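Commentary on secondary and tertiary structure
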Amino acid sequence: MRSYLALAWSDADQSAIGARTQLYAQLRNRAEWACVISEPRFELYVRGPRPPAVRRFAGGYILGDLFGEGVLAADASASLTGATAPGLGARAVMAAALGLIAQHHGRYVAIWPDGEQTAVLRDPTGALEAVSWIRDGVRVVAGELRESLPAGLAPPLSINWAKVAAQLARPALIGERLALDGVTALPPGGFLGASGQVLRLWRPQALARSSWPEGRDQAAALAQTIERVVAGYDGAGGLLCELSGGFDSSVVAAHLGALAHADVHLLHFAGRATEADELNYAQRVADHCRRSLRTLALSDRPYSLIDLEALPSGWRPSMAGIDRHLDLAVAHEAERLGAVMIMTGQGGDGVFFQALTPWASADLQGRSLPAAERRAWRIAIAMATGVSYWRLLALEGAAGLGLGPRLGMPPAPWLTRWARGVARGASPHDWLTDLRGVAPAKREQIQALVYAQRYSGPCARSWAADVIHPLLAQPIVELCLRIPIFDLTQGTEGRALARRAVGARLPPQVAQRRSKGDLTAYYGRKLARSLSAIRPFLLDGQLAAHGVLDSSVLRRWLDESQLREQGGYGDLLQLLSFEAWARRWGEPVG
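This section reports on the structure supplied with the text. (Residues numbered from 1 in each chain as written. Predicted model: local features only at pLDDT ≥ 70, side-chain atom pairs only at ≥ 80, totals over all residues. Heavy atoms only, no water.)

1. Some words on the packing of helix H16 (residues 440-452) against helix H18 (residues 474-482)
Interhelical geometry of H16 versus H18 gives an angle of 160° and a closest axis separation of 10 Å. If you check the angle between H16 and H18, you find them roughly antiparallel. For the element pair H16 and H18, the recorded crossing hand is right-handed. The residues of H18 that touch H16, namely those facing Lys442, Gln445, Ile446 and Leu449, are Val477, Cys480 and Leu481. When the residues that make up the contact of H16 with H18 are grouped by side-chain class, the tally is five nonpolar, one polar and one charged. (Axes fitted to C-alpha atoms, helices over the stretch in contact; angles between N-to-C directions. Helix = DSSP H or I, 4+ residues; strand = E, 2+ residues; numbered from the N terminus. Parallel < 35°, antiparallel > 145°, perpendicular 65-115°, else oblique. Left-handed = near helix turned anticlockwise from the far one by under 90°. Contact = heavy atoms within 4.5 Å. Nonpolar A, V, L, I, M, F, W, Y, C, P; charged D, E, K, R; others polar.)

2. Notes on the nonpolar core
Trp112, Leu121, Leu222, Leu239, Leu256, Met343 and Phe352 are the most contacted members of the largest nonpolar core, which has 92 residues in total. Sort the elements by how many residues they give to this core and helix H7 (residues 218-231) lands first, with seven residues. When near neighbours in sequence (up to four residues on either side) are disregarded, Leu239 contacts Tyr233, Leu256, Ala262, Asp263, Val264, His265, Met341 and Met343. Grouped together as the second largest cluster of nonpolar side chains are 78 residues, Trp9, Phe537, Leu576 and Trp581 included. (Core = buried A, V, L, I, M, F, W, Y, C linked by side-chain atoms within 4.5 Å. Buried < 20%, exposed > 50% of the residue type's maximum accessible area, 1.4 Å probe, protein only.)

3. Remarks on the packing of aromatic side chains
All told, the structure shown has 11 aromatic pairs when counted by the stated rule. Note on Phe247 and Phe352: the rings are 6.2 Å apart at their centroids and 75° apart in plane angle, and the pair reads as edge-to-face. Placement of the pair is Phe247 in helix H8 (residues 247-257) and Phe352 in helix H12 (residues 348-353), with a sequence separation of 105 residues. Residues Phe247 and Phe352 agree in their burial class; the two are buried. An angle of 85° between the planes, with centres 5.5 Å apart, marks the rings of Tyr389 and Trp390 as edge-to-face. Grouping aromatic residues by their ring pairs yields a cluster made of Trp133, Trp315 and Trp585. The ring centre of Tyr389 lies 5.0 Å from the NZ or CZ of Arg375, which sits over that ring. Taking NZ or CZ as reference, Arg499 lies 5.0 Å from the ring centre of Phe247, over its face. (Phe/Tyr/Trp six-rings, centres within 6.5 Å; stacked < 30°, edge-to-face > 60°. Lys NZ or Arg CZ within 6 Å of the ring centre and 35° of its normal.)

4. Here we look at the pattern of salt bridges
One pass over the full model with this rule turns up 26 salt bridges. Glu129 serves as the salt-bridge partner of Arg122, at 3.6 Å between the closest nitrogen and oxygen. A salt bridge links Arg200 to Asp430; its shortest N-O distance comes to 3.4 Å. Of this pair, Arg200 sits in strand S14 (residues 198-200) while Asp430 sits in the loop between helix H15 (417-425) and H16, and the two are 230 residues apart along the sequence. For Arg200, a relative accessible area of 34% translates into the label partly exposed. Residue Asp430 is classed as buried on the basis of its relative accessible area of 14%. A network of salt bridges, in which partner residues are shared, links Glu176, Arg177, Arg200, Arg203, Arg209, Asp430, Asp434 and Arg436. (Salt bridge = Lys/Arg side-chain N within 4 Å of Asp/Glu carboxyl O.)

5. Digging into the sheet that holds strand S7 (residues 119-122)
In a beta sheet, neighbouring strands pair by backbone hydrogen bonds and run either parallel or antiparallel. If you trace the six strands from one edge of the open sheet to the other, you get S4-S5-S6-S7-S13-S14, paired in antiparallel fashion. The open sheet has two free edges, formed respectively by strand S4 (54-57) and S14, since each of these has just one partner strand. The average undirected angle you get between the axes of adjacent strands in this sheet is 25°. Both S7 and strand S13 (residues 190-192) contribute to a ladder of two bridges, which runs antiparallel. Looking at S13, one finds that Val120 is bridged to Leu192. (Pairing = 2+ DSSP bridges.)

6. Some thoughts on the pairing of strand S2 (residues 33-39)
Sheet topology places S2 next to strand S3 (residues 42-47); six bridges connect them, and they run antiparallel. Opposite Ser38, over in S3, you have Glu43 as the bridge partner.

7. Here we look at helix H11 (residues 324-337)
End to end, H11 covers 20 Å across 14 residues, agreeing with the expected 20 Å (1.5 Å per residue, within 8%). Turning to H11, its buried residues are Arg324, His325, Leu326, Asp327, Val330, Ala331, Glu333, Ala334 and Leu337. With its phi angle positive at about 75°, Gly338 sits one or two positions after the end of H11. (Expected span 1.5 Å × (residues − 1).)

8. Let's talk about unusual backbone geometry
The backbone of Ala58 sits at a positive phi, close to 50°, despite the residue not being glycine. In this fold, Ala58 is placed in the loop between S4 and strand S5 (60-67). Of note, the phi angle at Asp434 is positive, near 50°, even though the residue is not glycine. Mapped onto the elements of the fold, Asp434 is located in the loop between H15 and H16.

9. Here we look at helix H13 (residues 371-385)
Given a rise of 1.5 Å per residue, 15 residues ought to cover 21 Å, and the 21 Å separating the end C-alpha atoms of H13 matches this to within 8%. Those residues of H13 that fall on the buried side of the exposure criterion are Arg374, Arg378, Ile381, Ala382 and Thr385. The buried residues of H13 occupy an angular sector of 100° when the element is viewed end-on, so they sit on one face. When the buried face of H13 is taken as reference, the exposed residues oriented beyond 90 degrees from it are Ala372 and Met383. Among the structural elements, helix H14 (389-400) and helix H19 (485-489) are those in contact with the buried residues of H13. (Arc of directions from axis to C-beta.)

10. Structural notes on the pairing of strand S8 (residues 131-135)
Across two bridges, S8 lies against strand S12 (residues 184-185) in antiparallel orientation. Counterpart to Ser132 in the pairing with S12 is Thr184. Inspection of the sheet shows S8 paired to strand S9 (residues 138-142) by five bridges, in the antiparallel sense. Residue pairing across strands places Val131 opposite Ala142, the latter belonging to S9. Hairpin remark: S8 followed by S9, antiparallel, with two residues in the connecting loop; positive phi at Asp136, about 55°.

11. Some remarks on the layout of surface pockets
One number sums up the size of the second largest pocket: a volume of about 520 Å³. Surrounding the second largest pocket, 29 residues form its lining, Ala208, Ser210, Asp363, Ala439 and Pro484 being those nearest its centre. For the lining of the second largest pocket, the elements supplying multiple residues, two or more each, are helix H6 (204-209), H14, H16, H18 and H19. Of the residues in the lining of the second largest pocket, the class split is 13 nonpolar, eight polar and eight charged. (1 Å grid on protein atoms, 1.4 Å probe; cavity = no way out; pocket = protein on both sides within 12 Å on 5 of 7 lines; lining within 4 Å. Points joined across faces, edges and corners; volume = space filled by probe spheres on them.)

Below you can see the structure in the form of structure tokens.
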């Protein structure tokens, strides 16, 4: 996890002078923070053994990794080199931010210092956190923070329990908003301008409305884009790739394995149950790449109260390290191998689109197809998705009226009536609004991308190495957003286009595999064994004390037989992450 802390102030604000001197001294006295930029009105601090790279760009600074054609090319920034953000003006800063999104990609935050009018851009993937506030005339911009800040710098934070309730009921909101009052959080693709308002410079809806260029080969374009994204890491130090044996992680592993100048290690989590055993597939991929495969056995050890209280969290609740034992084991392995990056296949099910949907039939509208072929496709889609032919016709008619699928999931039963009411009144995630002109099936893909934002939270892995999800890189996401769902799935097969694009780089058994290892039973057993710790953690916790949880309903659910019968393991894991987060922020900060 790359931590940073930026401070910007104005000479005109005399109140900032004393505060800045005090903060400078406090931060300098903390050995974990290193000042990498010190200017008359701006200072930038980083921490940890792998601080973010910092470089000048268009009158500001970029923190993190940046890729793309002509990265920081002279023709793109030469006219602005040396200029400061106040000298640029708001329009030039906005143009620089838009150009950054259009011409490059990566894991970055861009800052244009100008006192309280400092501008900030968070990249469209949201890989690096960006939270801002003003304290005593100083504009502060921060990433994830592992420790509390000096008292004079910390924001006046408080938990907004209504927002907590809304996010528990509607998890799509977690990646976009904070449930903390006192700071401003930038969503992925968000831009904090001089006015203090956050604008969204990147939205998937615009890409989903665009048409695919006629004559351009979709499979070839996808193959080239994946190769270009992964090739950006060639020459890196130690790369540890989590390889389940499923299609998505195998695609990442195969491309990493082909890099000529990268030190790549493959790591598989071995499940003991038959339904979770994918070792055979992972080994085939490793052999195909001519790379060795390391294995970690999934721990059946129950979670203790200490484990639950130590669940990692940041500005937002984090699901990235929710399996505490596995998270620590992978972090230890990364440190042992000297890995500086951990690669995953997360996000592929949404980007490549694994789920089959009857709404894909609506993509047939407007295509020049003979009537017999159109009917054949409808029949195939109906059979693959388990709906009738007449239901497909009804859905196509609804799509023609601008309607689409109902997005979101029902809230968990243990939320109080108040929490459910708050959730109903909360506005939806920005990416799930303004969907006019977006095909119905494409809306489901955008929802999958919303939920994928939860993969980037802090965890033991992210403190040990940079956790990277290549399939969620901006070029791959943008490309797949422009391709209709019917083409991504051929109507009847999850990841169909991706298999055609990169299947040749995988062992045939993996490329054509339709099944997937299922860890549901593993987590069910692990949670059932952990109920003696989970019960007091939740029933005596912050969420219950503040009226978010219905303790009587939750107590019935926290029963081994009830849990086995009703399931809901994902909801319970998410609840644990929220409670850990609430306990962190429930005390005064700083």
